[in-house]
Amino acid sequence: MTELLTRTGVDGTVVPAPAAVEPDRPEEAAAASRTRSRSWRALTRGRGLVGLVLLGLVVLAGLLAPVLSPWDPLQQVPGANLLRPGGDHLLGTDQVNRDVWSRTLHGIRADLVVLAVGVPLGALAGSLLALLGTLSGVVDVAVQRLFDLLLSFPTLVFAIALTAVIGPGTWTVVTVIAVLETPVFGRVLRSAVLTVTAQPYVEASVAMGAPRRWVLRRHVLPNARDPLAVQLALSLSLAVFVEGAMSFLGIGVRPPAPSLGSLISDGIGYAESNVAYVVAPLVVVVVVVLGLQLVAQALGRAARGVR
Amino acid sequence: MTRLDRRTFLAATGAGLATTLLTLPGCRSAVEQASAGPAGGPTHGGRIAAGILTDLVPANFFTNSSLGVTTVVGLAFESLIRYPNDTVEPTPRLATSWELAEDGLALTLELRRGVLFHNGREFTSADVESSIRAYADPRWNGQLRRTAAAITFFDTSEPYRVTLGFEHPLGNVFDLLDTVPVVDAGSLEQLATGEAFVGTGPFKVTSWEPGTAITFDRHEGYWVPERPYADGVDVRVITDATSLLSSLRSGQIQLANGLSYLDLDNLPSDAFEVLTAEGAEQQLYVGTDVTAGSLADVRLRRAIAYAVDRQRVVDEVLRGGGYPINLPWPRYSSAFDEARNERYARDVAAARALVAELGEIETIPYTYPVGNPLVEATAAIVQADLAEVGITVELDPIDQAQFTKRLIGAELEGIWTTFHSWAQYTPSTLTVSAYPFNAAKNASNYRSEEYAEHADAAWRIPDGAGPEAVEAYGEVSEDLLEALFLIELAVVLPRYGISRRLSGVDWTKRNEILLTDAYLGGG
């Protein structure tokens, strides 16, 4: 892979002047526009639209949590122990008299922070490492072995080990997700780079002396965008599970702050008294994961040219 | 593949149904297997199925630290004497009588004859010595180790009599004799690895599958005639409380140890009963590291003591299964004093005034073991109570094993919440033995010559229940209330969920379930 991205010509001579090989810009722009339009179409109709609407509803609920919550999520209301839904408490109260509706809305916010930071961080780190691997074969091998090492850890084992070192909390969850997503995105991008750089038009560009950075920017990265977008949607849905699992095990978001995982974990033990305590955050998780999966499917189909 | 035609399908279904109907009457549950006794009386036979939340850890055999350990000790082992659940007056068990020397420095015990270990060997005075010496060995971490170590002389020259010589008078020696399980001297090494559990109890351990089950069979050579009633006990380790509840409700087990108080409250009373283990009290508390920042100032510890809403913890967390306390002693203890027990009744204004005197207080870490709903809910309530008076704490839930290690090592910083025990015994036992209170070394890093002197003095009074001892306990109680290195919240009464088909369940003061007199077939 790396040979194709150097500035060395096919005969071994150094090729000068990228200006001499400036490509046909209108054609490139048109190709990029076609890709964008295909993705846009996928997201504005069918399963993509349904996914976006579901996600939008949850994101909106999270963003508007302070407005939509009638109670402070940490407030313990005197005498309101494990109330069932109704009256002043739309989804009832928990074992220490806190409003479940307000805690669920604020739990969404906690998850949004984790997802919005953890997965993009992992995507960025993975992509940069994958691109770093294009510099030389040795670096590529080192990066791939690092990815192998990270992928060899089961998610929860890694999460528990990291928590033992740095303690539980939101940023621990973010770190776990970012670290575990790094090799996933790194492998996806590397695979895309390998595929694209083997294309004749890329080889031709290199043979004509196009600089590495130009080839990456013009040919490789635009063509790797679709698989990365699909992976981003998939990783976001997996990250919801990671947060949920970590909080369920008591090593996630630090109490008393609510998160969807910790609400489910706590609510299970009290389902008989207030079933909404566990069902409400569970429904939100299902909606988020379903929405992200539908978006991922729509983008995947669009990338493959399937209508 | 051959297609199944309609006729063949109907014939096969009919044959299956007929077979099922014919064989059903032949299937008998454990309850039905128990032979009927006299009308309304106990029945013999059958196997009792029980469920517990935590498995056995052989290395912790002498620590009472898990339901697995207490289950094995209760069913397969016995002690020399036994306290009734509501007093600390010894009654005979493997020792039939005893005599304390006038100077309080020696105790002679007459041992029961004809008691057999599960391996068929007869119990003698040598087993008493080896068991107490094992308990005193630091490797086993027994909490009464200091008392066991104060027994410096053993006369075992006669097989059915043993004389124990003490370094100094021991007011709590019977607590030790009630606590130490008598183990076959030859199997101690195997006990440490979980290969053998050889005692003299009514049931013998026949198999242990770590994390899954412990199986007990009836000890045919048991010294109590006609006991136990059941042929055996199958204990399942069910680490999830919801699954434990489901197992009890579906009839897979007849006894559940480890259910939440809320789940116990919700059990239908026509099919189940809830046993409250009076006498096996535990205490829920807030511990403090008196060397950590602002906590070094006793005014902050007093502010915490005034701020916490103990009654709410009892009502909403324990569901009435306990009562609020300022001192560790249960109501029947000789050290219990009503006035002292109410010294720090909830007073938000007093707490705020103390906080105002102190000025700026740093955020205090608040550690507790994760996974116990009682502790988790209590921590949330305490955090809110402290916030109300201006004390900010940061919750720090950690793994139970890590928590225990840090507690024993006095490495917890800030404040913490968990349970302690041993206040249901002779009061001096608590202050010379239990990790949170031990005057020599405690989890709070609290050192006070006065407290150590008072604790030691109470311990050395030969009659641990006499008026002299009661006065000494009063001084210890004052020390505890003044120093407040440990802020008591509530006495907690352990509870078990039992099927109404199971009768005769009992327990010890250490929350060990006893099934010697238990039988199936009721309800």
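In what follows, the structure referred to is the one given above.
What counts, and at which threshold
- Residues numbered from 1 in each chain as written.
- Chains lettered and ligands numbered in written order.
- Predicted model: local features only at pLDDT ≥ 70, side-chain atom pairs only at ≥ 80, totals over all residues.
- Heavy atoms only, no water.
- Helix = DSSP H or I, 4+ residues; strand = E, 2+ residues; numbered from the N terminus.
- Rg over C-alpha atoms; globule rule 2.2 N^0.38 Å.
- Buried < 20%, exposed > 50% of the residue type's maximum accessible area, 1.4 Å probe, protein only.
- Contact = heavy atoms within 4.5 Å.
- Areas by Shrake-Rupley, 256 points an atom, 1.4 Å probe, with all protein chains shown as cover.
- Lys, Arg positive; Asp, Glu negative; His and termini not counted.
- Charge placed at Lys NZ, Arg CZ, Asp CG, Glu CD.
- Buried area = accessible area lost by both parts, 1.4 Å probe.
- Salt bridge = Lys/Arg side-chain N within 4 Å of Asp/Glu carboxyl O.
- 1 Å grid on protein atoms, 1.4 Å probe; cavity = no way out; pocket = protein on both sides within 12 Å on 5 of 7 lines; lining within 4 Å.
- Points joined across faces, edges and corners; volume = space filled by probe spheres on them.
- Nonpolar A, V, L, I, M, F, W, Y, C, P; charged D, E, K, R; others polar.
- Pairing = 2+ DSSP bridges.
- Axes fitted to C-alpha atoms, helices over the stretch in contact; angles between N-to-C directions.
- Patch = residues over 30% accessible without salt bridge, like charges linked within 9 Å, V, L, I, M, F, W, Y side chains within 5 Å.
- Phe/Tyr/Trp six-rings, centres within 6.5 Å; stacked < 30°, edge-to-face > 60°.
- Lys NZ or Arg CZ within 6 Å of the ring centre and 35° of its normal.
- Parallel < 35°, antiparallel > 145°, perpendicular 65-115°, else oblique.
- Left-handed = near helix turned anticlockwise from the far one by under 90°.

(A) Representation of the overall build of chain B within the structure. Looking only at helices and strands, one finds 18 helices and 23 strands in chain B. Computed over the C-alpha atoms, the radius of gyration of chain B is 26 Å, within 12% of the 24 Å expected from 2.2 N^0.38 for a compact globule of 523 residues. The burial tally for chain B puts 56% of its 523 residues in the buried class. Nonlocal contacts in chain B, meaning residues at least 24 apart in sequence, comprise 69% of its contacts between residues at least 6 apart. With the model as given, the accessible surface of chain B reaches about 20,800 Å², and the carbon-plus-sulfur share is 51%. Each charge class in chain B can be summarised by its mean position, and for the 41 positive and 70 negative side chains these summaries are 7 Å apart.

(B) Quick peek at the interface of chain A and chain B. Each partner contributes residues to the interface: chain A has 19 residues there, and chain B has 21 residues. Here chain A and chain B share an interface that buries about 1,500 Å² over both sides, 46% of which is from carbon and sulfur atoms. The interface formed by chain A and chain B contains two salt bridges. Notably, a salt bridge pairs Asp396(B) with Arg254(A), separated by 3.6 Å at the nearest N-O pair.

(C) Here's a closer look at empty space enclosed by the protein. Counted according to the given criterion, the structure contains four cavities of 30 Å³ or more. Considering only enclosed or pocket space, the largest cavity measures out at about 100 Å³ in volume. Lining the largest cavity are Gln95(A), Tyr270(A), Ser260(B), Tyr261(B), Leu262(B), Glu316(B), Val317(B), Arg319(B), Pro373(B), Leu374(B) and Ala377(B). At three residues, helix H14 (residues 373–388) of chain B tops the list of elements feeding residues into the lining of the largest cavity. Taken together, the residues of the lining of the largest cavity break down into seven nonpolar, two polar and two charged.

(D) Highlighting the sheet that holds strand E18 (residues 486–492) of chain B. Residues and elements named next belong to chain B. The six strands are arranged E14-E18-E13-E17-E15-E16 in an open sheet whose pairing can be described as mixed. Edge strands, defined here as strands with exactly one partner in the open sheet, are strand E14 (322–324) and strand E16 (393–398). Neighbour-to-neighbour, the strand axes of this sheet turn through a mean angle of 25 degrees, independent of strand direction. In terms of strand pairing, strand E15 (residues 364–369) meets strand E17 (residues 415–420) through two bridges, oriented parallel. Residue tyrosine 366 lies in a different strand from E17, and its bridge partner there is isoleucine 415. Most of the contacts of helix H11 (residues 310–317) go to E14, to which it runs at about 165 degrees, and overall it touches strand E13 (282–288), E14 and E18. Packed onto the sheet, H14 meets E13, E15, E16, E17 and E18 and runs at close to 165 degrees relative to E15.

(E) Representation of a negative patch on the surface within the structure. Residues and elements named next belong to chain B. A contiguous patch of negative charge on the surface is contributed by Glu449, Glu450, Glu453, Asp463, Glu468, Glu471 and Glu475. Structurally, aspartate 463 is set in the loop between helix H17 (449–459) and helix H18 (467–483). For aspartate 463, a relative accessible area of 48% gives the class partly exposed.

(F) Structural context of the packing of aromatic side chains. All names here are of chain B. This model, assessed by the stated rule, comprises 20 aromatic pairs over all chains. Here the aromatic rings of tyrosine 222 and tryptophan 223 are separated by 5.7 Å at their centres, their planes lie at 50 degrees, and the arrangement is tilted. Summarising the burial analysis for this pair, tyrosine 222 and tryptophan 223 share the class buried. When the centroid spacing of 6.2 Å and the interplanar angle of 70 degrees are considered together, the rings of tyrosine 496 and tryptophan 507 count as edge-to-face. Residue tyrosine 496 is located in strand E19 (residues 495–499), and its partner tryptophan 507 is located in strand E21 (residues 506–507); the two are separated by eleven residues in the primary sequence. No difference in accessibility class separates tyrosine 496 from tryptophan 507, as the two residues are buried. An aromatic cluster is built from Phe61, Phe62, Phe77, Tyr135 and Trp140, whose rings are joined through pairwise contacts. Across the ring face of tyrosine 323, the terminal group of arginine 331 is positioned such that the distance to the ring centre comes to 3.7 Å.

(G) Structural view of the packing of helix H6 (residues 155–166) of chain A against helix H9 (residues 212–248) of chain A. All names here are of chain A. Closest axis-to-axis distance for the H6/H9 pair is 11 Å, and the angle between their directions is 55 degrees. One element, H6, and the other, H9, form an angle in the oblique class. Our pair here, H6 against H9, has a crossing hand that is right-handed. Between H6 and H9, the residues in contact are Thr155, Leu156, Ala159 and Thr163 and Val242, Ala245 and Met246, respectively. Within the contact of H6 with H9, the residues separate by chemical class into five nonpolar, two polar and no charged.

(H) The sheet that holds strand E9 (residues 213–218) of chain B, seen in detail. Residue and element names in this part refer to chain B. Across the sheet, seven strands lie side by side as E8-E9-E10-E1-E11-E19-E12; this open sheet has mixed pairing. Of all strands in the sheet, those bounded by a partner on one side alone are strand E8 (203–209) and strand E12 (272–276). Adjacent strand axes in the sheet meet at a mean angle of 20 degrees, parallel and antiparallel pairs treated alike. Across five bridges, E9 lies against strand E10 (residues 232–237) in antiparallel orientation. Note that in E10 the partner of alanine 213 across the bridge is arginine 236. Helix H3 (residues 67–76) contacts strand E1 (47–52), E8, E9, E10 and strand E11 (255–257) of the sheet and is inclined by roughly 5 degrees relative to E9.

(I) Representation of the pairing of E15(B). All names here are of chain B. The buried fraction of E15 amounts to five of the six residues, a majority that puts the element mostly inside the structure. Looking at chain direction, E15 and E16 are connected through six bridges and run parallel. Bridge pairing in E16 places tyrosine 368 opposite proline 397.

(J) Spotlight on the packing of helix H10 (residues 298–307) of chain B against helix H13 (residues 348–358) of chain B. All names here are of chain B. Running from N to C, H10 and H13 cross one another at 155 degrees; their axes reach a closest spacing of 8 Å. If you check the angle between H10 and H13, you find them roughly antiparallel. The handedness of the crossing between H10 and H13 comes out as left-handed. Touching Arg299, Leu300, Arg302, Ala303, Tyr306 and Ala307 of H10 are Ala350, Ala351, Leu354, Val355, Glu357 and Leu358, all from H13. Looking at side-chain class alone, the contact of H10 with H13 contains nine nonpolar, no polar and three charged residues.

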